Amino acid sequence: MNIKRYQVMEGAVDAVDMKSALDFIADYTSRKENPPGFVLAMNPEKVFALRANPFLRSFFAKAVLLIPDGIGIVKALRFLYGVKTSRVPGADLMQNICKEAPQRGYKIFIYGASEAVNAGACEKLKERYPGICIAGRSNGFVPADKMNELVEAINASEADILFIALGSPKQEEWMATHAKDLTHVKICQGIGGTLDTIVGTVKRAPVFWQKLGLEWFYRLLKQPSRIRRQWKLAVFLKELLMLKYGNQKKAGN
């Protein structure tokens, strides 16, 4: 599948919606010659993380799919390039992959979070999506000297898709170190705190807020302490304006 990638400051994002992201994953996993491909989420906060972290910037450039996880990135695509797409939240993409798994024949391995959250999320997914094959799972507290055993367990499960819930940058560091040793996995998706939202220990914004693109504002209302993180949205918007109109001014000179 040909998906166009666009640069947004130090980051990049692919012009996909949920359907085309799922179709891409189906196509990629069907090709036996493909090495493990990384599916990562882009949002304004991640742009600043890439700016500050050379490893993340390099690693994200290697991803096979960079989804427009945040509304700010969706708006940036339209503002800078006239590209119209919709949000593909990483948590929703993960669960849609699980929904399609019985029909697609995907085998899934879930790694990360606490033992209780990991086990609980796997049970919830089995309840929601009858027929799903969760071929293996592990909590996120595997010691370094046991990591080879975890990789062997993932390989023995013959999982096609590996979800990694370690948070950033730990999940990216894990992929960068261990993906080369995966013998069957085709897709590695970093899913951050998604397992917590599945079991309900962390509440997502109601669907109404999500559809309006105001999930970030809902979280701010619930957690005013996030104001410093959300301030980056304003900085992101300012830099977008400077980027577009600064380039236009240069072109006019």
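Look up: the structure comes first, before these words.
Residues numbered from 1 in each chain as written. Predicted model: local features only at pLDDT ≥ 70, side-chain atom pairs only at ≥ 80, totals over all residues. Heavy atoms only, no water.

## Comments concerning the nonpolar core
Then comes step 1: In terms of nonpolar packing, the biggest core is built from 38 residues, with Tyr111, Leu162, Trp174 and Phe236 touching the most fellow members.
Then comes step 2: If one sorts the elements of this core by residue count, helix H7 (residues 147-157) sits on top with four residues.
Then comes step 3: In contact with Phe236, other than residues within four places in its own chain, are Val8, Met9, Pro44, Val47, Phe48, Gly72, Ile73 and Ala76.
Then comes step 4: Phe24, Ile25, Val39 and Ile110 belong to the second largest nonpolar core, which has 36 residues in total. (Core = buried A, V, L, I, M, F, W, Y, C linked by side-chain atoms within 4.5 Å. Buried < 20%, exposed > 50% of the residue type's maximum accessible area, 1.4 Å probe, protein only. Helix = DSSP H or I, 4+ residues; strand = E, 2+ residues; numbered from the N terminus. Contact = heavy atoms within 4.5 Å.)

## Quick word on the pattern of salt bridges
Then comes step 1: Counted according to the given criterion, the structure contains 12 salt bridges.
Then comes step 2: Notably, a salt bridge pairs Arg5 with Asp14, separated by 2.7 Å at the nearest N-O pair.
Then comes step 3: Of the residues examined, Asp14 reaches a relative accessible area of 2% and is grouped as buried.
Then comes step 4: Asp27 is the salt-bridge partner of Arg31, the closest N and O atoms lying 3.1 Å from each other.
Then comes step 5: Residues participating in the shared-partner salt-bridge network are Lys19, Asp23, Glu100 and Arg104. (Salt bridge = Lys/Arg side-chain N within 4 Å of Asp/Glu carboxyl O.)

## Notes on the packing of aromatic side chains
Then comes step 1: With the rule as written, the count across this model stands at five aromatic pairs.
Then comes step 2: Taking the centre distance of 5.5 Å and the plane angle of 55° together, the rings of Tyr111 and Trp174 count as tilted. With Tyr111 in strand E5 (residues 107-112) and Trp174 in helix H8 (residues 170-178), this residue pair connects regions lying 63 residues apart in the sequence. Comparing Tyr111 with Trp174, the two get one shared label, buried.
Then comes step 3: Grouping aromatic residues by their ring pairs yields a cluster made of Phe38, Phe55 and Phe59. (Phe/Tyr/Trp six-rings, centres within 6.5 Å; stacked < 30°, edge-to-face > 60°.)

## Thoughts on a nonpolar patch on the surface
Then comes step 1: Together, Leu237, Leu241 and Tyr245 make up a nonpolar patch on the protein surface, roughly 290 Å² of accessible area in all.
Then comes step 2: Tracing the sequence through the fold places Leu237 in helix H12 (residues 227-252). (Patch = residues over 30% accessible without salt bridge, like charges linked within 9 Å, V, L, I, M, F, W, Y side chains within 5 Å. Areas by Shrake-Rupley, 256 points an atom, 1.4 Å probe, with all protein chains shown as cover.)

## Let's talk about the packing of helix H3 (residues 54-61) against H8
Then comes step 1: Two elements in contact, H3 and H8, have axes whose closest approach is 11 Å; the angle formed by their N-to-C orientations is 60°. In terms of their interaxial angle, H3 and H8 are classed as oblique. For H3 against H8, the interelement crossing comes out left-handed. Within the contact between the two elements, H3 uses Phe55, Leu56, Phe59 and Phe60 and H8 uses Glu172, Glu173, Met175 and Ala176.
Then comes step 2: Of the residues that constitute the contact of H3 with H8, the class distribution is six nonpolar, no polar and two charged. (Axes fitted to C-alpha atoms, helices over the stretch in contact; angles between N-to-C directions. Parallel < 35°, antiparallel > 145°, perpendicular 65-115°, else oblique. Left-handed = near helix turned anticlockwise from the far one by under 90°. Nonpolar A, V, L, I, M, F, W, Y, C, P; charged D, E, K, R; others polar.)

## Regarding unusual backbone geometry
Then comes step 1: A cis amide bond links Ser168 with the next residue in sequence, Pro169, at an omega value of 10°.
Then comes step 2: Relative to the elements of secondary structure, Pro169 occurs in the loop between strand E7 (161-165) and H8.
Then comes step 3: A positive phi is found at Met9, a non-glycine position, where the angle reads about 55°.
Then comes step 4: Mapped onto the secondary structure, Met9 falls in the loop between strand E1 (5-8) and strand E2 (11-14).
Then comes step 5: The exposure class assigned to Met9 is buried, which follows from its relative accessible area of 16%.

Without other data, these values stay purely geometric and don't point to any function.
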